[in-house]
Amino acid sequence: MSHAIHVALREVKIGFRNPWAYSFMALFTVFSLALLLIQAQNVVRGYSAATGTMLSLILYLLPLMTLLLGSFSLTAEKEEGSWQLLSTYPMSTFSFISGKYAGLAVVLLTIVAFGFGVTGLLGAIAGQSFDAGTYALFLVFSAGLILLFLAVALGIGTIAGNRWQALTYAVAIWFFAIIGWQALLIAGLGMLPYMWIKPAVTVLTFLNPAELVRLFVVVKLGGGAVLGPEYYNWVQWIREPSGTWAFLGICLVWIVISIGLANRIWERGRARG
């Protein structure tokens, strides 16, 4: 545990020295101000066209930002030789991976908190602040995307041998999970018998962290009706009092499995030298 804490603190220090982090912070802050302009033109409360636009904008930016920063952090250890030095210490691979995850999560969540904080402050001054419940769900949506995609980013950084490979893998995963997901889902489900569609939707939703978080937030905002009959069971269990805890449990399992796979792959590479 102490080794993981040291790695996490080291990662936080490196993260806040990384110009990429400040570039993304500036970009996300400008992006958050754009959401404030949308709010100024449309009072955002619950699920609406304006809310859907905001969620889509967040969905495009945060996963890509997380995949790049997370995967680059691990590949940098390989390229710069830092891992060769760290591997000489009596530190387990799991402590290294989990410490990386915790440190990067702090950096990324700070970026989001800063962006939303500036937006909330300016919105309060201008008298155009978000509805408290909607604002909280935006924060949950952003944090969920970061924590889930960061686990994916660690897997990318584990597999990739350098930053160029990590960039290629990260953009490919981002494209299929965010941009091409709807088209791929419709095309794939159209080839299945009708009785298999709902089970297939459930399985595929669990495999895509972006879709998993999006469904939860849309339903909590009251927009479950726009999802279609295939998601009726999802709407029901998310609306239940235990739905939030079940969602958190699913996300935790998703993260643990992803980190476990990254740890296993990294350990095999470590054993091979």
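In this report, the structure presented in the accompanying data block is examined. As the structure is a prediction and not an experimental result, all values here were calculated from the model.

1. Remarks on the overall build of the protein
When you go through the protein residue by residue, the secondary structure sums to 12 helices and 0 strands. What you see in the protein, going N to C, is helices and strands ordered as α-α-α-α-α-α-α-α-α-α-α-α. Within the protein, contacts between residues at least 6 apart in sequence are counted, and of these 78% link residues at least 24 apart. Of the roughly 13,500 Å² of accessible surface on the protein, a fraction of 70% belongs to carbon and sulfur atoms.

2. Overview of the packing of helix α9 (residues 194–207) against helix α10 (residues 209–220)
Put simply, α9 and α10 touch, their axes get as near as 5 Å, and they point 105° apart. When the axis of α9 is compared with that of α10, the two are roughly perpendicular. For the pair α9 and α10, the contacting residues are Thr205, Phe206 and Leu207 in the first and Pro209, Glu211, Leu212 and Leu215 in the second. Within the contact of α9 with α10, the residues separate by chemical class into 5 nonpolar, 1 polar and 1 charged.

3. What to know about the pattern of salt bridges
For the structure on display, the rule yields 4 salt bridges. We note a salt bridge from Arg214 to Glu211, for which the minimum N-O separation is 2.8 Å. You can see Arg214 and its partner Glu211 sitting in helix α10, 3 residues apart, about one turn around the helix. We classify Glu211 as buried; its relative accessible area is 4%. By sharing partners, the salt bridges in this structure join Arg10, Glu11, Glu77 and Lys100 into a single network.

4. Here's the deal with the packing of aromatic side chains
With the rule as written, the count across this model stands at 3 aromatic pairs. When the centroid spacing of 5.4 Å and the interplanar angle of 40° are considered together, the rings of Phe96 and Trp266 count as tilted. In this pair, Phe96 is assigned in helix α5 (residues 93–126) and Trp266 in helix α12 (residues 243–272), connecting sequence segments 170 residues apart. Assigned by exposure class, Phe96 and Trp266 land together as buried. When the ring of Phe175 is compared with that of Phe176, the centres are 5.7 Å apart and the planes differ by 85°; the resulting orientation is edge-to-face. Judged by relative accessible area, Phe175 falls into the partly exposed class, the value being 39%.

5. Topic: helix α7 (residues 163–179)
Look at α7: 22 Å from first C-alpha to last across 17 residues, which is about the 24 Å you get at 1.5 Å a residue. Where α7 is concerned, the buried positions are Ala166, Ala170, Trp174, Ala177 and Ile178. With its buried residues spanning 80° around the axis, α7 presents them on a single face. Measuring from the side-chain oxygen of the N-cap residue of α7 to the backbone nitrogen of Trp164 gives 3.1 Å; that N-cap residue is Asn162.

Rules behind the numbers
Residues numbered from 1 in each chain as written. Predicted model: local features only at pLDDT ≥ 70, side-chain atom pairs only at ≥ 80, totals over all residues. Heavy atoms only, no water. Helix = DSSP H or I, 4+ residues; strand = E, 2+ residues; numbered from the N terminus. Contact = heavy atoms within 4.5 Å. Areas by Shrake-Rupley, 256 points an atom, 1.4 Å probe, with all protein chains shown as cover. Axes fitted to C-alpha atoms, helices over the stretch in contact; angles between N-to-C directions. Parallel < 35°, antiparallel > 145°, perpendicular 65-115°, else oblique. Nonpolar A, V, L, I, M, F, W, Y, C, P; charged D, E, K, R; others polar. Salt bridge = Lys/Arg side-chain N within 4 Å of Asp/Glu carboxyl O. Buried < 20%, exposed > 50% of the residue type's maximum accessible area, 1.4 Å probe, protein only. Phe/Tyr/Trp six-rings, centres within 6.5 Å; stacked < 30°, edge-to-face > 60°. Expected span 1.5 Å × (residues − 1). Arc of directions from axis to C-beta. Polar contact = N/O pair within 3.5 Å; in protein donor to acceptor, adjacent residues only side chain to side chain.

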